[in-house]
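Residue-level listing of the chains:
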Amino acid sequence: MMEILMSLLVGLFFTIGTYLILSKNLMRIILGTSIITHGVHLLILTMGGLKNGGPPLLGESFAAFTDSLPQALILTSIVINFAVTALFLVLSYRAYKTLGTVDIEEMRGTADE
Amino acid sequence: MSSLHLMIFIPFIFAIIVPFIHRQCIQRVHTGWFVLAVPLSILLYLIPYIRAVSIGKTIQLELQWMPSLGINFTAYLDGLALIFALLISGIGALVILYSIYYLSKEKEALNNFYVYLLLFMGAMLGLIFSDNIFVLYVFWELTSISSFLLIAYWYQRKHSRYGAQKAMLITIAGGLAMLAGLILLSIITETNSIREMVSMVGESEKHKLFLPAMIFLLLGAFTKSAQFPFSIWLPDAMEAPTPISAYLHSATMVKAGIYLVARFTPVFGGSAEWFWLVSGAGIITLLYGSINAVQQKDLKALLAYSTVSQLGLIMSLLGIGSAALYLKTGNESSVYAFAVAAALFHLINHSTFKGSLFMVVGIIDHEAGTRDLRRLGGLAALMPVSFTLAVIGSFSMAGLPPFNGFLSKEMFFTSILTLIEQPVFGIRALAMLFAIVAWTASVFTFIYCMILVFKTFTGKHHPEKLDKQVHEAPLGMLVSPMVLASLVVMIFFFPNVIADYFLKPALAAVVPGQAGLDIHISPWHGWNAEVIMTLGVIGCGILLYRGLKKWLPVYQRYPKGLTFNHLYQLTLEGMEGLSFKVTKRYMTGIVRDYLVYIFFTIILVIGGALWLLDGISFYFSNNAPVNAYEMGIVVGMIVAALTVLLAKSRLTAIIALGALGLLVSLLFVVFRAPDLALTQLVVETVTTVLFLLCFYHLPELRREKSKLRFKLTNLLISLGVGAVFTVLALSANNHRFSETISSFFEDSYTLAGAKNMVNAILVDFRGLDTMLEILVLAIAGLGVFTLIHLGDSGQAVKSNLLEKIKSNDVILRTVTKAASIIIFTFAIYLFFGGHHNPGGGFVGGLSSAAGLILLYLTFDSETIRENIQVDFKKLAAAGVLIAVMTGAGSFLFQAPFLSQTFGHVELPVFGDTELATALIFDLGVALAVVGTAMTIILTISEDES
């Protein structure tokens, strides 16, 4: 059951994230990317199989271990995502300071740009 | 690496150094003097090889590059490569010497000039020494690129840019065709080495891809060597400075196509198609170039067309000579092999006389300020030395004795006559036509050579048409053309030195079956057909030259719309217009449109692939159970996510997002991923602070006032994306295409000395990924810093937002002190424990950052800055550097980049301690993470407002 539940959760996160990204407000767009990221992490983790062994630590004596590869991938993704979110945030902050709006429709450049 | 490889790399290494030298000596010494050392040293290095190669030795040296792909940088030196190497280094040295006087050190951007020139020299040497076809291709394209840069050297001029673009488009298009040909060849022969290809000639000829491979390869050779109709780029390439025209566009680069044809003659030669294509293209180009050269008014344009024509001559000789491989042995074969010798001989001769002619034209341009034949005349008295040099060069090109051009032109006639006497491949009917075309082209060649000399140097001098007072060039400028001109004369008198030392070993490389062939060149064989042809050329040439005024207007009759230049222009404009129209259709400038494209593509590609490949399949047999606790987490996550979606205030959204992140980390615990749970927990904390800091400045979330249709479209797309990913997740579950590789990592203790598999993957197995990741991280940090400080006056920080919101609560301050110590201790524990237990560089670094943020929140920044004197940007850089250095450290132990090792050390207090180099690497990771995180947070918080 856990896999089905996770798959549905992944779908929900993707739906909400996409909906937020398609809105006009920069802040909502950033919130959307964060939610999609959670969706991606859960997707990778679910793909590797859930709860089919102990944590991937050889110090503990388990008969089987959960797949360590998806975990390494997700760990990398979490940290990169932090940097990307920071950049998005500052970009929108800077854009607001310069242009005075967070509405991407109003941010469109002039013809010669 | 061998010394031969070093010769290829020296120009590249020097290209890096030149700008620094240039900056040092910009006012005092001409940069060219330093650059001159490069070709001279290569030349000196090559000289000892001449003897060895002449007695039939070849040198093959291997340098492993990508052995798994069969791509090794094998340098191969034989007679053919030696001729080219000597031309590249020898003429290179003369051209650089000439350029020292031609380009003023005050006015010109010499650093660019010499960097491009050295780039070209290295690329060209690499091209001729490569035995591997793909390495050859890389160098081939590099010569095109450096040629592009050199043609556009005076990029302020519109014509220079046009010429550079044209040369680039045509030669690169040909280069791509050549790549296709090389790939086909490697499929046919199952090797990437030219040497091995040569050794399996018989088999490859029967392959059905043999002909396509040949045609694609020849497209590359023909575009590079300006064969008709691709020759249109060469006249426009004359916008380059004259030393470059002399070097690239007459002596070396344009001969790369000739080299390619010669190099692959043992592979393709002997087939009728090769014979017809190469000799046909060559003979047409010969005629086309010579006819066009006559009508030129610009001296350089005249030389450009003459180069086209002469390249055609060499090409046609190679084509004719390839028949020697068909005939294999015997006298008939040797007669055809003689044509190859003639081609190589003319190649050398052409480089000498054309090089000197270009330099003389450069001198005229330099001294008279123009190259226009209508403004020049009567310069012989004013520039006697240049006049003499021009006479030697032109008469040699026209095929007159006592100059080397006479000898190779006689050999050309001999080879053409061979076609009539001993026809092959059914050429009997056309042999006569070949002879007539060759003879006519020679007449035109004679005419333009006379135009070059006599229209410029004799007749009436018109000082009023010139902007400058004309006088002879300085000696330094004359030295290079003098050297070449004396070679022109010397080769005429001692042609067999060239034949013995260069032509014979080169012939062995092109026609291996005729390796021992004796080539004897002599200026006089009695009254044979060749001499009569030459006399006819001279007679007719003089007559036509005298009547030039009467028949030259015929050229004006030719419709301008029917030229290949016009076709090129039309194609280019048409393509630009079309792509602009198409692009304008979908590039609306609205970000949302692009996002919609992206999401639609995701739905189409993933959904479509699942549908078409029957990927949708559900198995639920191995599913893990769900308990109430986990159900609670999931419900909480759904609520949090929906709250973010519907939130009307910034704060609600941020808090809901934070809650979602914490619930995700709980889920990681459930799924036995302690490392993920830890990292997610800390990242969520820091990210929440980040969101708070930024959203504080941004306006409150408003209800979106948009049309229902807009919202409905968005909803539909979102549901589509969500559905696709749900199906993907369900189908991927328990569905494997191949065996899992994860059991490999379960040996992490024996392989990497780590009990924590995830950490072992990050710092050891996939260390390169992690290294690049922290690099990205550091770049993001710098990006944030730059974005905030963009357009700053560089003043000191005015206020700190963290300080503004700091609390004066005494209890909080006291607790904070203790808490931060706990956090730091925990961070250090996480860092060191990471190799065996959950933790590691990432989470250690992030926790330290969290502790620091807490300190900034409670104490004023003054106090903190006094106690923690760290520039976090530099800390991030230091972290990346440590990681890279750890990786590079492996080289000291002859191990590949980023090889980690581990061992046990007996320490006094700790006893038996296990140390791994991975720990140093992880330290780099931790420092990069702290540095970046703090740079980001502090930069945002310190910004005024």
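What you see is a predicted model, and the numbers here were worked out from it, not measured in a lab. (Residues numbered from 1 in each chain as written. Chains lettered and ligands numbered in written order. Predicted model: local features only at pLDDT ≥ 70, side-chain atom pairs only at ≥ 80, totals over all residues. Heavy atoms only, no water.)

### A look at the overall build of chain B
And then number 1: Summing up its helical and strand segments, chain B has 41 helices and 4 strands in all.
And then number 2: Dimensions along the principal axes, computed over C-alpha positions, put chain B at roughly 115 × 75 × 65 Å.
And then number 3: Within chain B, the fraction of its 945 residues that count as buried is 55%.
And then number 4: A fraction of 80% describes how many contacts in chain B between residues 6 or more apart in sequence connect residues 24 or more apart.
And then number 5: Put simply, chain B shows about 40700 Å² of open surface, and 68% of that area lies on carbon and sulfur atoms.
And then number 6: Averaged over its 59 positive side-chain charges, chain B has a centre that lies 13 Å from the centre of its 55 negative ones. (Helix = DSSP H or I, 4+ residues; strand = E, 2+ residues; numbered from the N terminus. Buried < 20%, exposed > 50% of the residue type's maximum accessible area, 1.4 Å probe, protein only. Contact = heavy atoms within 4.5 Å. Areas by Shrake-Rupley, 256 points an atom, 1.4 Å probe, with all protein chains shown as cover. Lys, Arg positive; Asp, Glu negative; His and termini not counted. Charge placed at Lys NZ, Arg CZ, Asp CG, Glu CD.)

### Examining unusual backbone geometry
All names here are of chain B.
And then number 1: At the junction of F228 and P229, the peptide bond is cis and its omega measures out at 0° in the coordinates.
And then number 2: Along the polypeptide, P229 turns up in the loop between α10 (210-224) and α11 (233-236).
And then number 3: With an omega dihedral of 0°, the bond running from P401 to P402 counts as a cis peptide bond.
And then number 4: Assignment of secondary structure puts P402 in the loop between α18 (384-398) and α19 (404-421).
And then number 5: Even without being glycine, A226 reaches a positive phi, approximately 55°.
And then number 6: Mapped onto the elements, A226 comes out in the loop between α10 and α11.
And then number 7: Using a relative accessible area of 0% as the deciding quantity, one classes A226 as buried.
And then number 8: Of note, the phi angle at R672 is positive, near 60°, even though the residue is not glycine.

### Some details on empty space enclosed by the protein
And then number 1: The tally for this structure, following the rule as stated, stands at 6 cavities of 30 Å³ or more.
And then number 2: The computed volume of the largest cavity comes to approximately 120 Å³.
And then number 3: A:H38, A:N81, B:Q680, B:E684 and B:T687 are the residues nearest the centre of the largest cavity, which is lined by 14 residues in total.
And then number 4: Residue assignment for the lining of the largest cavity shows that the elements contributing at least two residues are α2 (26-47) and α3 (68-99) of chain A together with α30 (674-697) of chain B.
And then number 5: Ranked by residues supplied to the lining of the largest cavity, first place goes to α30(B) with 5 residues.
And then number 6: Residues of the lining of the largest cavity, tallied by class, amount to 5 nonpolar, 8 polar and 1 charged. (1 Å grid on protein atoms, 1.4 Å probe; cavity = no way out; pocket = protein on both sides within 12 Å on 5 of 7 lines; lining within 4 Å. Points joined across faces, edges and corners; volume = space filled by probe spheres on them. Nonpolar A, V, L, I, M, F, W, Y, C, P; charged D, E, K, R; others polar.)

### Describing the layout of surface pockets
Residue and element names in this part refer to chain B.
And then number 1: Counted as a void, the largest pocket has a volume near 1200 Å³.
And then number 2: Around the largest pocket, the lining comprises 33 residues; the ones closest to its centre are N292, Q295, Y305, T563 and N565.
And then number 3: Counting residues per element, the ones that place at least two in the lining of the largest pocket are α7 (158-189), α11, α14 (272-294), α15 (299-321), α25 (554-557) and α26 (564-586).
And then number 4: Class assignment for the residues of the lining of the largest pocket results in 16 nonpolar, 9 polar and 8 charged.

### Here we look at the packing of helix α17 (residues 330-368) of chain B against helix α20 (residues 428-457) of chain B
A pair of packed helices can be characterised by two numbers: the angle between their axes and the separation between those axes.
Residue and element names in this part refer to chain B.
And then number 1: Between α17 and α20, the least distance of the axes is 13 Å, while the angle of their chain directions is 25°. Accordingly, the angle class assigned to the pair α17 and α20 is roughly parallel. Our pair here, α17 against α20, has a crossing hand that is left-handed. Together, L357, V360, V361 and I364 of α17 and L452, T456 and F457 of α20 make up the contact between the two elements.
And then number 2: Its residues assigned to classes, the contact of α17 with α20 comprises 6 nonpolar, 1 polar and no charged. (Axes fitted to C-alpha atoms, helices over the stretch in contact; angles between N-to-C directions. Parallel < 35°, antiparallel > 145°, perpendicular 65-115°, else oblique. Left-handed = near helix turned anticlockwise from the far one by under 90°.)

### Some points on the interface of chain B and chain A
Interface size is commonly expressed as the accessible surface area that is lost when the partners come together.
And then number 1: With 106 residues of chain B in contact, the opposing surface of chain A contributes 77 residues.
And then number 2: Here chain B packs against chain A, burying approximately 8500 Å² in sum over the two surfaces, 76% of which is carbon and sulfur.
And then number 3: Here chain B and chain A share 0 salt bridges between them.
And then number 4: For the pair chain B and chain A, the interface holds 7 residue pairs in polar contact (both at pLDDT 80 or more).
And then number 5: Looking at the side of chain B that touches chain A, the element that brings in the most residues is helix α31 (residues 708-732) of chain B, giving 15 residues.
And then number 6: Of the residues contributing to the side of chain B that touches chain A, the split by class is 68 nonpolar, 22 polar and 16 charged. (Buried area = accessible area lost by both parts, 1.4 Å probe. Salt bridge = Lys/Arg side-chain N within 4 Å of Asp/Glu carboxyl O. Polar contact = N/O pair within 3.5 Å; in protein donor to acceptor, adjacent residues only side chain to side chain.)

### Description of the confidence of the model for chain B
And then number 1: Mean pLDDT for chain B: 87, with 95% of residues reaching 70 or above.
And then number 2: Put simply, helix α36 (residues 801-804) of chain B is where chain B has its lowest mean pLDDT, 61, and α10(B) is where it has its highest, 94. (pLDDT = per-residue confidence, 0-100.)

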